Every structure is written in structure tokens, then in C-alpha cells.
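Read off the chains here:
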Amino acid sequence: MKRIKQFSQILLISIFLSSCSSSINKENPVLDSEESIKENTNSEKQRMEIKFSCGEDGISEYLDDGWIILKEDAQEKICTWKSVPATKDCDMEKEKGCKITKPDKIGEEKIYLLEK
């Protein structure tokens, strides 16, 4: 019985020591050269989202600079507003409560997701 206890203790200690040494080796990998570091920094990509509204378009500047369009989306947007009287006999100068603001021009907003 005493031999079994000693054997099990020795077995547990040897397993513990062997597992600790292998985990230490895995935690600290050694880099081979500086080239692998340079490759990792060059592989990082930059992303940017830009919006152009109501007829503005400046995407060509970004494309000339080396950016690539990943995704393009367009949605309707109100460009300008106008004030109109609520009734025919309403004086907007004197009575501020009878003034209604309505959309005047409706344009398009383009949203670009760019990557460089």
C-alpha cells in the first residue's frame, strides 16, 4: 500500500513538472527575423467610411490616393427646407405659430466604405 502511494506521488510530480516545462516553451515563441515583423505591419489594412450628400462627390480624390471601395450605399436625404404658411390668410412675419417647415429639395446621400 505504501508503495502505491509513493508511486502515485512520483507520477503526479512528474506529470506536473513535464506540463509546466511544455507550457513555458509555448508561451514565448522566438521570432526568426525582422522580415516577419515587417510583413505583419504591412498586412494591416486601414478602413474608412465617408459620406457625400446632395450632389457632392469627392470619391475620385480617395481613389486616386489608392483607396479601394469595399461597399457603396445610397439613401434619400433632404438637402434643403422651406417655410410655408399653414393657411392662406396666415402672416408668417407676425404669427410664428402658422409657419410650417417642409422639405424643399430631396437628394441622395452616398456612403462609401473604403480600404487601403
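Residues numbered from 1 in each chain as written. Predicted model: local features only at pLDDT ≥ 70, side-chain atom pairs only at ≥ 80, totals over all residues. Heavy atoms only, no water.

Student: Help me out: how do you make sense of the overall build of the protein in this one?
Tutor: Secondary structure assignment for the protein yields 3 helices and 3 strands. Helices (α) and strands (β) of the protein occur, in sequence order from the N terminus, as α-α-β-α-β-β. Expressed as a percentage of the 116 residues in the protein, the buried residues total 12%. In the protein, the proportion of contacts linking residues at least 24 apart, taken out of those at least 6 apart, comes to 66%. Of the roughly 10,300 Å² of accessible surface on the protein, 52% is carried by carbon and sulfur atoms. (Helix = DSSP H or I, 4+ residues; strand = E, 2+ residues; numbered from the N terminus. Buried < 20%, exposed > 50% of the residue type's maximum accessible area, 1.4 Å probe, protein only. Contact = heavy atoms within 4.5 Å. Areas by Shrake-Rupley, 256 points an atom, 1.4 Å probe, with all protein chains shown as cover.)

Student: What is the right way to look at the pattern of salt bridges in this model?
Tutor: Close approach of charged atoms allows side chains with opposite charge to pair. Summed over all chains, the structure comprises 3 salt bridges. Taking the shortest distance from any N to any O, the salt bridge between Glu-115 and Arg-47 comes out at 3.2 Å. Here Glu-115 is found in strand S3 (residues 99-115), whereas its partner Arg-47 is found in strand S1 (residues 47-53), with 68 residues between them in sequence. Residue classification places Glu-115 among the buried residues on the basis of a relative accessible area of 15%. Put simply, Asp-65 and Lys-116 hold a salt bridge, and the shortest N to O gap is 3.5 Å. With Asp-65 in the loop between helix H3 (59-64) and strand S2 (68-85) and Lys-116 in the segment after S3, the pair connects residues that are 51 residues apart, well separated along the chain. You can call Lys-116 partly exposed: its relative accessible area is 41%. (Salt bridge = Lys/Arg side-chain N within 4 Å of Asp/Glu carboxyl O.)

Student: Any chance you could explain the state of the cysteines here in plain terms?
Tutor: A covalent bond between the sulfur atoms of two cysteines is referred to as a disulfide. Enumeration according to the criterion identifies 2 disulfides in this entry. A disulfide bridge connects Cys-54 with Cys-79, and the sulfur atoms are separated by 1.9 Å. Taking the torsion about the sulfur-sulfur bond, which here is approximately -105°, the covalent link between Cys-54 and Cys-79 counts as left-handed. Of this pair, Cys-54 sits in the loop between S1 and H3 while Cys-79 sits in strand S2, and the two are 25 residues apart along the sequence. Using a relative accessible area of 34% as the deciding quantity, one classes Cys-54 as partly exposed. The disulfide partner of Cys-90 is Cys-98, and the S-S distance across this bridge is 1.5 Å. Negative torsions about the S-S bond denote left-handed disulfides, and the value of about 65° found for Cys-90 with Cys-98 makes this one right-handed. (Disulfide = S-S within 2.5 Å.)

Student: How should the side chain of Glu-109 be read in this particular structure?
Tutor: Mapped onto the secondary structure, Glu-109 falls in strand S3. What Glu-109 contacts, discounting residues up to four positions off in sequence, is Lys-51, Phe-52, Ser-53, Asp-73, Ala-74, Gln-75 and Lys-77.

Student: Just to check I follow, could you spell out the sheet that holds S3 for this structure?
Tutor: Hydrogen bonds between backbone groups are what pair the strands of a sheet, and the pairing can be parallel or antiparallel. Across the sheet, 3 strands lie side by side as S1-S3-S2; this open sheet has antiparallel pairing. Of all the strands in the sheet, just S1 and S2 have a single pairing partner and so form its edges. If you compare each strand with its neighbour and ignore which way they point, the axes differ by 20° on average. As paired strands, S1 and S3 are joined by 7 bridges and run antiparallel to one another. Looking at S3, one finds that Lys-51 is bridged to Ile-111. (Pairing = 2+ DSSP bridges. Axes fitted to C-alpha atoms, helices over the stretch in contact; angles between N-to-C directions.)

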